Amino acid sequence: MAATVQPAPRKIQERSVGPRSIWQKSIWQTLGAIKTGVILLILIVILSAAGTVILQRPTTDADEMQRAYSPQVLRVLDAVGLTDVFHAWWFVLLLSLVSLSIIAASVQRFPNAWRFFSRPYKSPDEAFRKALPSQRLIPIEGDDEEAALSVADRVFRKAGFGPERIVRENSFSVFGERHRFSEMAVYVVHASLLLIFLGGIVDALYGWRAFVTLTRGQQSSQVEPQKGVKRDLPFAVRCEGAGQENYADGSPKRWWSDLAVVKDGQVVLRKQIVVNDPLVYDGVRFYQASYGKTGKLDKLVLTATLKNGGVSKEIAIHPDETVALDDETTVRLAEFIPDYVVGDGQVYARSNELQNPAAHLVVESKKSGSINVWLPPIPGHEQNASSPYAFEGKDIQMAYFTGLEVSHEPGQWGVWAGVVLMGFGLAFVFYFVHTRVWAVPVRDARGRLMLWIGGTANKNKDVFERRFRELGEQIAAELKISAKTGADAPVSALAGK
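Residues numbered from 1 in each chain as written. Predicted model: local features only at pLDDT ≥ 70, side-chain atom pairs only at ≥ 80, totals over all residues. Heavy atoms only, no water.

### Notes on the overall build of the chain
Rules: Numbering of helices and strands starts at the N terminus; helices are DSSP runs of H or I of at least 4 residues and strands are runs of E of at least 2. For a compact globule the rule gives 2.2 Å times the number of residues to the power 0.38, and the radius of gyration it is set against comes from C-alpha atoms. With a 1.4 Å probe rolled over the protein chains alone, any residue whose accessible area is under 20% of its type maximum counts as buried; one over 50% counts as exposed, and the rest are partly exposed. By definition, residues are in contact when any of their heavy atoms lie within 4.5 Å. All tallies of charge rest on Lys and Arg as positive and Asp and Glu as negative; His and the ends of each chain are not included. Every charge is mapped to an atom, namely NZ of Lys, CZ of Arg, CG of Asp or CD of Glu.
For the chain, the count of helices and strands is ten helices and 20 strands. Rg of the C-alpha trace for the chain: 41 Å, well past the compact-globule value of 23 Å for 497 residues, more than 25% over. Summarising its shape, the C-alpha atoms of the chain cover approximately 140 × 90 × 45 Å along the three principal directions. Among the 497 residues that make up the chain, the fraction classed as buried is 38%. In the chain, the share of contacts with a sequence separation of at least 24, taken over all contacts with a separation of at least 6, comes to 59%. Computing the positive centroid from 57 side-chain charges and the negative centroid from 52, the chain places the two 11 Å apart.

Right under this line is the structure:
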């Protein structure tokens, strides 16, 4: 007897999944979970709120920071980055993590969403029809399927569903839908969030904030950031003037500064800025941050009268400025004291407040030489009688400084683009509802021919339910009219109902 030869068993190669693959898959699924994204977003919101409540550098003056917090608290806040929240490393890490979470969630859910969007379910089977919450059976008198489908087609079209006939091997139906694009709106919102977070990350890594203080006529091409050495700008900013507008009761209304951008010795841009209306040049923004008195004189207006001839003229003179009175005489403002006091033969400044001012003028004359004139006359110091001119004070204008917050935020294009895109995405999400309706001739349990109609909406289901009932009533009434007339009656025939 011949021996039976059995075939060798086939080797089944099992694809092993290593611990590393399982670990990576677990991280990917955790990142894409809705709970993860929500927790990260809540953390970002809380920390952003902390950045608005806690005083931030460099927008807040160092003295104000020290007045607001004790040295110990300020050290802790600086150490953990809460005084510069939006540039802290942990804030950048949070933005990166929530961006990865949005990407993971989108990638994991997009294939099903795209399949649903690109291949809509147009011909419902029996299981689908039974499970649909919004549905109705309408008798078809005369067993005329074509007339019933024509009625449904007209009603759906008038309601704005854009119906189409669906022909299968053993069935005919009508399918209509509105606003299918709203199914993809959530990905528009995701893209807008990614743009906003990308802009925030770019700003945190490559952006900077600094501060500069200028007086009228002063210009600077350096700004002082919160940390590190001064930063050089490729241009200079000059203060042409600064001021304060007050309400009728004297309280401040607004601060303003006239700024000029100087590049290669030429003024290339000039603008008067106020709070929330900055000057922007070459990606650098200058915000009006503070305003105040310097305690120094800006301009002194005098009347100079020639003693012999009685000729008077009005002059405006700045500190250390020399003004010609005639061909042989000049005057220089050597010193101005806003609140002077005399003691031990010296003239001292008691305070920087304009309470008891004194001006020291030096009159240079070819005949008399150098003469010290004081307004008012201070015995032991003044030589007013020797001066060929008598002086009288007319106006005192004190100098003011303007404090400018300077920022470079290269990621703002992403933030603003994301905000605009989010506006469109949220409009699609909240104001456009994807609705679908079907009409299928079917046989009921007793064999009668019925028109099954069904519908669904991805949101606002209560509103859609009312509208679906109206559609059903219109189709039922149209079918009755069609059965009586023996022809397809237009939907307009229901207008008098």
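### So, the packing of aromatic side chains
Where we set the bar: Ring pairs are drawn from Phe, Tyr and Trp, using the six-membered ring of Trp, whenever the two centres fall within 6.5 Å, and their geometry is named by plane angle: stacked under 30 degrees, edge-to-face over 60, tilted for the rest. We call a charge positioned over a ring when the NZ of a Lys or the CZ of an Arg lies within 6 Å of the ring centre and within 35 degrees of the ring normal.
What the rule picks out here adds up to 17 aromatic pairs. Summarising the aromatic geometry, the rings of Trp255 and Tyr291 are spaced 6.4 Å apart at their centres and angled 35° between planes, so their arrangement reads as tilted. In this pair, Trp255 is assigned in strand S7 (residues 252-263) and Tyr291 in strand S10 (residues 284-306), connecting sequence segments 36 residues apart. Residue class for Tyr291 comes out buried when judged on its relative accessible area of 12%. Among the aromatic side chains, those forming a connected cluster through ring pairs are Phe110, Trp114, Phe117 and Tyr187. Above the face of the Phe117 ring, Arg180 is positioned so that its terminal group lies 5.7 Å from the ring centre.

### Notes on the sheet that holds strand S13 (residues 329-337)
In a beta sheet, neighbouring strands pair by backbone hydrogen bonds and run either parallel or antiparallel. Where we set the bar: What makes two strands pair is DSSP finding at least two bridges between them. Angles shown run from 0 to 180 degrees and are taken between the N-to-C directions of axes, each axis being a line fitted to C-alpha atoms and, for helices, limited to the stretch in contact.
Read across the sheet, four strands follow the order S12-S13-S16-S17 without closing on themselves; strand pairing throughout is antiparallel. For this open sheet the edge positions go to strand S12 (322-324) and strand S17 (369-375), each flanked by a neighbour on one side alone. Adjacent strand axes in the sheet meet at a mean angle of 25° when their direction is disregarded. Bridge analysis of S13 against strand S16 (residues 358-365) gives eight bridges, and the strand direction is antiparallel. Residue pairing for S16: Thr329 is matched across the bridge by Ser365.

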